[in-house]
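Survey of secondary and tertiary structure
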Amino acid sequence: MTMKIKAITAALGVALMASASPALAKQKVCVFDILGAGGDVFNLSKDYVLAAKGLGADLHLEAFTDEKIASENFKTGQCDMLVATSFRTRAYNSVAGSIDALGAASVVKDGKVDMPLSYEVVKRTIQLFAGDKADALMTQGNYQVAGIFPFGAAFLYVKSRDINSVEKLAGKKIASFDYDSAQKEMISKVGASPVSADISNFGAKFNNGSVDIIAAPAAAYKPLELYKGLGNSGAIIRFPVAVLTYQLIVNKSKFPEGFAQKSRDYWAKKFPAGMQIITNAEKGIPNGAWMDIPAADSVKYTILLRESRIGLAKGGSYDPKALNIMKQIRCSVNRADSECATKTEL
Amino acid sequence: MIKAGIWRVLAISGVVAVAAGCASVERGATNLAINLIERRIIPPQLEIDDVDMACRFATANFPLISGGTRAFGGDPQLLESLLLVSSAACSEQRAVEEELRYLRASKQNNIEEAQDARIGQKRLLEVTARRQLRAYDAMRNKLEAKYNFQYGETCPEFERDFDELSYLLGTVAGLQAVVNDIASQQMVGVPTDIAPKSERALKCISNAKWWGVPNAARAVVWSILPGASEGKDVWGTFRLSMLIGERQGVRLSHVMYGLSALAVGDTPRFRDATKRFANVKDFKPSQQYALVESLSGAVMTNLSDRYWSENVGTRTPVGSMGKYWDEEAAMPEGMNVDDLLN
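Residues numbered from 1 in each chain as written. Chains lettered and ligands numbered in written order. Predicted model: local features only at pLDDT ≥ 70, side-chain atom pairs only at ≥ 80, totals over all residues. Heavy atoms only, no water.

The name given to chain A in an unreviewed UniProt entry is DUF6091 family protein, and the organism recorded there is Limnobacter thiooxidans.

If you want it as structure tokens, here you go:
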């Protein structure tokens, strides 16, 4: 009798396990990587495919060298998941898409940006968004955030070291990506003129002198040979305008229940792998190319970026809740900052 | 006392002078030997069409040849570059085996096995990228010093084919180092500006003389670097380069065409590359550069094996390069299946 019960229980157990393990259906992933299937992001995505199998998804990766096409394919349902920069993913989740808000990750200490602490802010934000409590924030309609990983800080590359203060940005030509409202806002705020560009030509425009300033991560320095544009008189300002991220967005109905949250947890744990690539790129820039700005100007830049992002949040480009969370995280790593005593952004 | 001092100084100077003389004689003799190897021993080796043998030889003998010639003051950098290119083919082949294991395990949902194979693949790609970067650096250092030019900015005027061949293969190795380092998760830190520099450097050598490879390699860079393809006919360049390669018996341009198609996810073009590779009419492999042609065949097989494994779970069936599981075999003209069955 006992044997029989045991057998039945075991059989039930097996049946339950079978029903609990999600059915594998093919999901197509549109991955944006400027280097296509040979790039860093596509390479990291290959490891993710294996992890996703354990979460009940059978991903099939497809590389796109044009982010716009990748995003449109996702929007029209030709892919079930999108891997792209926050410039494009913001349209599907404004909370996660606000991580790269102007200056939202920058921690300034003694008039200098503390890069490790700034990346720590991004890390903590990603960890917070990875948790199950953040599920509601990470879901907007049928779209869900299934992962965030760092892509590096965007720095200003200037043709001349004379452009060393906010005031001197006035009248300068700055490359601007048409689809990013934050760039236009910033450029007009400092009295500079935007020059329309995209990812395939902004480097060339800087190198041939069509523009005086571009914003780009360290990863662009070598492959786009931006040292040519810097020449002997240019510099990279060691003050990040924003910290860029890559984000994964899923069409919720195509994935098993709970997939996105577990997937966000996977990517939060992959943060060090993303940072290793960023650190390599930042170390690859010779010391002489960097330029630190005076402490007083750091304060001016910080205020300028803060005012811009608050303005953009009011205009609907950024999510105020996300800015609020990031401010609290900034203050948790740098309590002494004067902004922590104010109600701004809260 | 002073006299003795002078004698001592003279004696020491003499010993130093003789030693320096010996060193210079040694260096001269070693460089002569290196030159002899480059002119007389390498050409017949390039005629051997066995990639496995060549890469194992290079891997096993690199320490002896490099260390031995350097110990006697020689400058074996071009020889080292060639040996490293060859040796990288061995580690790359092992990396592909791990990749195929990963693809098979992944298909069977054996996640641990697949993850283990991915780790194995990345480790071997790191070794490969390191060898390829060293091959590129050695070529660049030696040739820049010899011809007094700036790589990627100005062109050298080559005195001999061996230097030109080293320039071509070292440059391609540099490009491969970039790709393999990224795939290894940037374990080496290969500078990515090798890609645009190589693109310009390849303009210095004749496309017609070197099997269409210089332009095909440039087209690879055009197709992957943002903005580089503007005003360029990427696929037309591949087609022309393949034609040149087919006539000269070296199908390395075909491999580059296939690689580029895979990088941008263009499956029809990748299939086209393999079909074209497999179906060159009256193809005669180059005798002089049989090793380069064999290497092209090995790499093309690797590309095809990846594609097959990902889709079907096995590598390319024997004799099936350029044929695919989902393509129906066409009935010979004039034949009707119903007639045959009746």
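**Considering the overall build of chain B**
What counts is decided by this rule: Labels follow the DSSP assignment, with helices taken as runs of H or I lasting at least four residues and strands as runs of E lasting at least two, numbered in each case from the N terminus. Burial status follows relative accessibility: with a 1.4 Å probe on protein chains alone, a residue under 20% of its type maximum counts as buried, one over 50% as exposed, and anything between as partly exposed.
Scanning chain B from N- to C-terminus turns up 12 helices and 0 strands. Each helix (α) and strand (β) of chain B, taken in turn from the N terminus, gives the series α-α-α-α-α-α-α-α-α-α-α-α. Buried residues in chain B amount to 50% of all 342 residues.

**Remarks on the packing of helix α5 (residues 115-130) of chain A against helix α10 (residues 271-283) of chain A**
All names here are of chain A. Put simply, the rule is: Where helices are involved, their axes are fitted lines through C-alpha atoms of the stretch in contact, as for all axes, and angles between N-to-C directions lie from 0 to 180°. Roughly parallel here means an angle under 35 degrees, roughly antiparallel means over 145, roughly perpendicular means 65 to 115, and every remaining angle is called oblique. Definitions for this section: a left-handed crossing has its near helix turned counterclockwise from the far helix by less than a right angle. A right-handed crossing has that turn clockwise. Contacts are residue-level and defined by heavy atoms, with any inter-residue pair within 4.5 Å sufficient. Amino acids outside the nonpolar list (Ala, Val, Leu, Ile, Met, Phe, Trp, Tyr, Cys, Pro) and the charged list (Asp, Glu, Lys, Arg) are all regarded as polar, and Gly is one of them.
Across the interface, α5 lies against α10 with an axial gap of 12 Å and an inter-helix angle of 155°. With respect to α10, the axis of α5 lies roughly antiparallel. Of the two elements, α5 crosses α10, and the hand of that crossing is right-handed. On α10, the residues touching M115, Y119, V122, K123 and I126 of α5 are F271, M275, I278 and E282. The class makeup of the residues in the contact of α5 with α10 is 7 nonpolar, no polar and 2 charged.

**Notes on the interface of chain A and chain B**
Note the following rule: Put simply, buried area is how much 1.4 Å-probe accessible surface two parts lose in total, over both of them, once they are put together. When a carboxyl oxygen of Asp or Glu lies within 4 Å of a side-chain nitrogen of Lys or Arg, that pair is called a salt bridge. Polar contact is the term for a pair of N or O atoms within 3.5 Å; when the atoms are in protein, one must be able to donate a hydrogen and the other to accept it, and sequence-neighboring residues count only if both atoms are side-chain atoms.
Every contact between the two is made by 28 residues of chain A and, on the other side, 29 residues of chain B. Roughly 2,600 Å² is buried in total at the junction of chain A and chain B, and carbon and sulfur atoms are behind 50% of that figure. Sorting the residues of chain A by area buried against chain B places A:L35, A:N43 and A:L50 first, and these three jointly supply 21% of that buried surface. One can count 4 salt bridges joining chain A with chain B. Between A:D47 and B:K122 there is a salt bridge whose closest N-O contact spans 2.4 Å. At the boundary of chain A and chain B, one finds 13 residue pairs in polar contact (both at pLDDT 80 or more). The set of elements that each furnish at least two residues to the side of chain A that touches chain B consists of α2 (40-54), α8 (226-230) and α10 of chain A. Sorting elements by how many residues they give to the side of chain A that touches chain B places α2(A) first, with 7 residues.

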